[in-house]
Amino acid sequence: MSNKLEILREYQKASSKLDQLKSQEADKIKSTSVNTSSTQVITPQFGNEMTHLNEECMQLNMILEAMDASED
């Protein structure tokens, strides 16, 4: 099992990548022209990767919380 510092680094890396993808996705949506007379369908470019990273962050966060609780 990895130590707490390694897990924290993994969490920070995944969280940073997730934030970056969210920002890119938002920029993509902002840059599309909006025509108010028709419906625009927005398809996520990084949806699967963002879902995976979000799940990874949640799991790593749970591990870190459990480690903190066990230290008390």
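Up top you'll find the structure we're talking about.
Now for a description of the structure that goes with this document. (Residues numbered from 1 in each chain as written. Predicted model: local features only at pLDDT ≥ 70, side-chain atom pairs only at ≥ 80, totals over all residues. Heavy atoms only, no water.)

### Side note on helix H1 (residues 4–31)
In a regular helix each residue adds 1.5 Å, so 28 residues correspond to 40 Å; H1 covers 40 Å between its end C-alpha atoms and thus fits that length. Those residues of H1 lying buried are Ile 7, Ala 14, Leu 18, Leu 21 and Glu 25. Among the structural elements, helix H2 (47–71) are those in contact with the buried residues of H1. Sitting at the head of H1, Asn 3 places a side-chain oxygen 3.1 Å from the backbone nitrogen of Leu 5. (Helix = DSSP H or I, 4+ residues; strand = E, 2+ residues; numbered from the N terminus. Expected span 1.5 Å × (residues − 1). Buried < 20%, exposed > 50% of the residue type's maximum accessible area, 1.4 Å probe, protein only. Contact = heavy atoms within 4.5 Å. Polar contact = N/O pair within 3.5 Å; in protein donor to acceptor, adjacent residues only side chain to side chain.)

### A word on the pattern of salt bridges
Summed over all chains, the structure comprises 2 salt bridges. A salt bridge links Lys 4 to Glu 71; the nearest nitrogen and oxygen atoms lie 3.7 Å apart. Residue Lys 4 is located in helix H1, and its partner Glu 71 is located in helix H2; the two are separated by 67 residues in the primary sequence. Taking the relative accessible area as the measure of exposure, Lys 4 reaches 31% and is therefore partly exposed. Given the relative accessible area of 56%, Glu 71 is considered exposed. (Salt bridge = Lys/Arg side-chain N within 4 Å of Asp/Glu carboxyl O.)

### A few points about the side chain of Glu 25
Within the secondary structure, Glu 25 sits in helix H1. What Glu 25 contacts, discounting residues up to four positions off in sequence, is Thr 43, Pro 44, Gln 45, Phe 46 and Met 50.

### A look at the environment of Met 50
The residue Met 50 is located in helix H2 in this model. Taking C-alpha positions, Met 50 is 9.9 Å from Ser 15, a pair spaced 35 residues apart along the chain. In this view, Met 50 contacts Leu 18, Leu 21, Lys 22 and Glu 25; residues no more than four positions away in its chain are not counted.

### A word on H2
With 25 residues, H2 extends 36 Å from end C-alpha to end C-alpha; this agrees with the ideal 36 Å at 1.5 Å per step. Taken together, the buried residues of H2 touch H1.

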